[in-house]
Amino acid sequence: MNAQSKKHVERLCQELSGECVDWTAIQQIIHELRPVINEPYVDGSILSELFLDVGIDRGGERLVTLTRLFLENGYSVYKNDGMNGGQCLHNLCWVSYDTYMLEVAKMLLDAGADPYFIDSEFEEEEGPGVLCSLYYKLPGAWLQGDYEKVNIFETYRAIIESAQAGEDYLCIRPFCVCVGQRLTKAEYIVSDHTPEYVNEEPQNCFKKSMVLWFESLPLVVDRDIEFAVNPLIIPEDGHKRLDVSDRFGSVLGSKLCDFTFMDTYTVKLKFDHGYSVTFTNNYGKYKDSEIRGGFRISRKEDTAGFRPGTVIDGIYLRANKTYYDQSMSFCEESLLFKCGDNSYFLYQKEHDTEYDLVWDRYPTAWESWLNRTIELSGLRYEGNLVRSNQTVRGMRFSCDQGALYLLAGTSRGICILLRQAPFAEESVIQNIDQSEKLTFLII
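Calculation rules
Residues numbered from 1 in each chain as written. Predicted model: local features only at pLDDT ≥ 70, side-chain atom pairs only at ≥ 80, totals over all residues. Heavy atoms only, no water. Salt bridge = Lys/Arg side-chain N within 4 Å of Asp/Glu carboxyl O. Helix = DSSP H or I, 4+ residues; strand = E, 2+ residues; numbered from the N terminus. Buried < 20%, exposed > 50% of the residue type's maximum accessible area, 1.4 Å probe, protein only. Phe/Tyr/Trp six-rings, centres within 6.5 Å; stacked < 30°, edge-to-face > 60°. Lys NZ or Arg CZ within 6 Å of the ring centre and 35° of its normal. Polar contact = N/O pair within 3.5 Å; in protein donor to acceptor, adjacent residues only side chain to side chain. Contact = heavy atoms within 4.5 Å. Pairing = 2+ DSSP bridges. Axes fitted to C-alpha atoms, helices over the stretch in contact; angles between N-to-C directions.

## A look at the pattern of salt bridges
All chains considered together, the criterion is met by 13 salt bridges. The shortest N-O distance in the salt bridge between Arg 11 and Glu 32 comes to 3.9 Å. Of this pair, Arg 11 sits in helix α1 (residues 3–17) while Glu 32 sits in helix α2 (residues 23–32), and the two are 21 residues apart along the sequence. We classify Glu 32 as partly exposed; its relative accessible area is 32%. Note that Lys 185 and Glu 187 form a salt bridge whose closest N and O atoms lie 3.4 Å from each other. Exposure remark for Glu 187: the relative accessible area of 5% places this residue in the buried category. Look at the salt bridges and you will find they share partners, linking Glu 154, Arg 157 and Glu 161 into a network.

## Focus: the packing of aromatic side chains
What the rule picks out here adds up to 23 aromatic pairs. A centroid spacing of 6.0 Å and a plane angle of 40° characterise the contact between Tyr 188 and Phe 206, whose relative ring orientation is tilted. You can see Tyr 188 sitting in strand β3 (residues 183–189) and its partner Phe 206 sitting in strand β4 (residues 205–206), a full 18 residues away along the chain. For the pair Phe 345 and Tyr 347, a centre-to-centre distance of 5.9 Å together with 35° between the ring planes defines the contact as tilted. Taking relative accessible area as the criterion, Tyr 347 reaches 3% and is therefore assigned buried. The rings of Phe 175, Phe 227, Phe 248, Phe 259, Phe 261, Phe 279 and Phe 295 are connected pair by pair, giving a single aromatic cluster. Note that Arg 419 overlies the ring of Phe 423, its terminal NZ or CZ placed 3.9 Å from the centroid.

## Quick look at the side chain of Thr 266
Note on placement: Thr 266 falls in strand β10 (residues 266–271). Within the local environment of Thr 266, its side chain forms a polar contact with the side chain of Thr 280, the two groups lying 3.1 Å apart. Beyond its immediate sequence surroundings of up to four residues, Thr 266 is in contact with Thr 260, Phe 261, Thr 278, Phe 279, Thr 280, Arg 318 and Phe 345.

## Quick notes on the sheet that holds strand β7 (residues 227–229)
Taking strand neighbours across the sheet as the criterion, the five strands line up as β7-β6-β5-β3-β8 in an open arrangement whose pairing is antiparallel. In this open sheet, the two strands that pair with only one neighbour each are β7 and β8 (241–243). Going from strand to strand, the sheet's axes swing by 30° on average, the running direction of each strand aside. Direction of pairing for β3 relative to strand β5 (residues 209–214): antiparallel, over a ladder of six bridges. Looking at the pairing, Glu 187 lines up with Val 211 of β5.

Next up, the structure:
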């Protein structure tokens, strides 16, 4: 590529990186790049490199128009032995995870991009073609804690898998398209349709997946509590589908308003008449050690928590975390508090640029699904640490070991800080990575 063309690419990147985009100017630059639009550039093609330069900082919406303009100006996904299309599919794994990335992926696949193309930077160990990049990226994406975006990323995985299988990937859509639609039916996907199979399952639990029909949209909920509209998963054989609409009678016909992602395995669906459905999974803690998904329908949110002075019988956590013996920093994505006959679920929710702590009631039947606890005695709730806008940024407890603070943190989760004495000034708490030793027990 000559120096003049490289300057055009640099101008294109600058135009796309600004606050506002002049698409007329961008269209003109792309038109001037037509003679070299399919030439290799850096580690891929011009378009695949722009995905990384623009998509990470500015999200996927600009990539939709950019991809369309490239295709209209002679960009061929077949050139360079398929690299032009395949590298773009790989690089989508590293952009912002919004619904626009799914549109870009479908646009490239429709143009003939090869989902089996192998990125030379990765060994083909985890999966074929683009799945190699997806499987490399997914674990870290889950750990970052933005569960809404990761569910969209999981939808991208389903699209690639379907494209590789020669299936109609266009019907796969993100979970959020169901918002505003009415729930009309609920089904389990089962191995055996017989009453014996159904009756042996714990109430409101499912081994495989279930489908919530929002009018014509089938929202598939798998047992790991991941969501996608994916008709391809639904068996055509009626004996492998079990109608359980009766278990959703209180929300049937109601309009879905919102998804609240509480932690990796807990998601709440809110409906327009005040009811909600909370999904979680049991992490294999059932008699046959199989993972199951579960759901609970509630009339309204109970976020009152408990009053100062309330005795806490125990703090319980999910199994999927460990700490070094010398660790002084402790973070969890959620915690469960047992108080007599009641259980309360604490998680954090991003609000503007900050995280708030939020309470919810937790089904007693699900308590056994959490198998770690923090070894503390004499635990009592003392009060909240609130911001000027009255959102909860932290909580303080007293215990025989000192003062325990739970602080809304970052994407790492809720910070747990044990001190020998309370902070003298709680309006500004520093050194949250300097906790006293905490002991976590497996139960």
